Amino acid sequence: YMDHSYHVMMPVEELLPYMGSHFRGDKRVFDGGYHDFIANGATAPVYLAIGQNSRISITGNEDLVWYAKKSGLEELPVFISYQRQV
């Protein structure tokens, strides 16, 4: 059973393919979260799961990728977990 995890800085550009196609909230939620992101930065990592089947999925804090993309931030903290299946 493989369950290792790592915390690294990753280029936002490399996370973009794993984002959902739509932000999970309305414009008010996005604007509020974005304002907080600009004021405080990423206060938690993006969670990225990589499976033995080579599938990759953002499993938490995807909103940070949206905010970083809009702001032009180049890197985000990412917590990578390697799992049997994603």
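Please read all numbers here as calculations on a predicted model, not as lab measurements. (Residues numbered from 1 in each chain as written. Predicted model: local features only at pLDDT ≥ 70, side-chain atom pairs only at ≥ 80, totals over all residues. Heavy atoms only, no water.)

A. Structural context of the environment of glycine 41. Position of glycine 41 relative to the elements: it lies in the loop between helix H2 (27-40) and strand E2 (46-51). Taking the C-alpha atoms as reference points, glycine 41 and leucine 73, separated by 32 residues in sequence, lie 9.6 Å from one another. (Helix = DSSP H or I, 4+ residues; strand = E, 2+ residues; numbered from the N terminus.)

B. Region of interest: the nonpolar core. The biggest cluster of nonpolar side chains holds 19 residues, and the ones touching the most others in it are Leu15, Val46, Leu48, Val65, Tyr67, Leu76 and Val78. If you list the elements that add at least two residues to this core, you get helix H1 (12-15), H2, E2, helix H3 (62-71) and strand E4 (75-83). Considering each element in turn, this core owes the most residues, five residues, to H3. Residue contacts for leucine 48: discarding those within four places in its chain leaves Met10, Leu15, Ile56, Ser57, Ile58, Thr59, Val78, Phe79, Ile80 and Ser81. (Core = buried A, V, L, I, M, F, W, Y, C linked by side-chain atoms within 4.5 Å. Buried < 20%, exposed > 50% of the residue type's maximum accessible area, 1.4 Å probe, protein only. Contact = heavy atoms within 4.5 Å.)

C. Representation of the pairing of E2 in the model. Here E2 runs beside E4; their pairing, made up of six bridges, is parallel. Within the sheet, the bridge partner assigned to alanine 49 lies in E4 and is serine 81. Bridge analysis of E2 against strand E3 (residues 56-60) gives four bridges, and the strand direction is antiparallel. The partner of isoleucine 50 across the bridge, within E3, is isoleucine 56. (Pairing = 2+ DSSP bridges.)

D. Highlighting the environment of lysine 69. If you trace the backbone, lysine 69 turns up in helix H3. In sequence terms lysine 69 and proline 17 are 52 residues apart; their C-alpha atoms lie 12 Å from each other.

E. Quick look at H3. Restricting attention to buried positions, one finds in H3 the residues Glu62, Leu64, Val65, Trp66, Tyr67 and Ala68. In this structure, the buried side of H3 is in contact with H1, H2, E2, E3 and E4. At the C-terminal side of H3, glycine 72 shows a positive phi close to 85°.

F. Examining the side chain of serine 81 more closely. Here serine 81 shows up in strand E4. With relative accessibility at 11%, the residue serine 81 sits in the buried group. At a separation of 3.0 Å, a polar atom in the side chain of serine 81 contacts the side chain of glutamine 83. (Polar contact = N/O pair within 3.5 Å; in protein donor to acceptor, adjacent residues only side chain to side chain.)

G. Looking closely at unusual backbone geometry. In this structure, serine 54 is a non-glycine residue whose phi angle is positive, near 70°. Within the secondary structure layout, serine 54 lies in the loop between E2 and E3. A positive phi angle, near 60°, is found at asparagine 61, a position not held by glycine. Its location among the elements puts asparagine 61 in the loop between E3 and H3.

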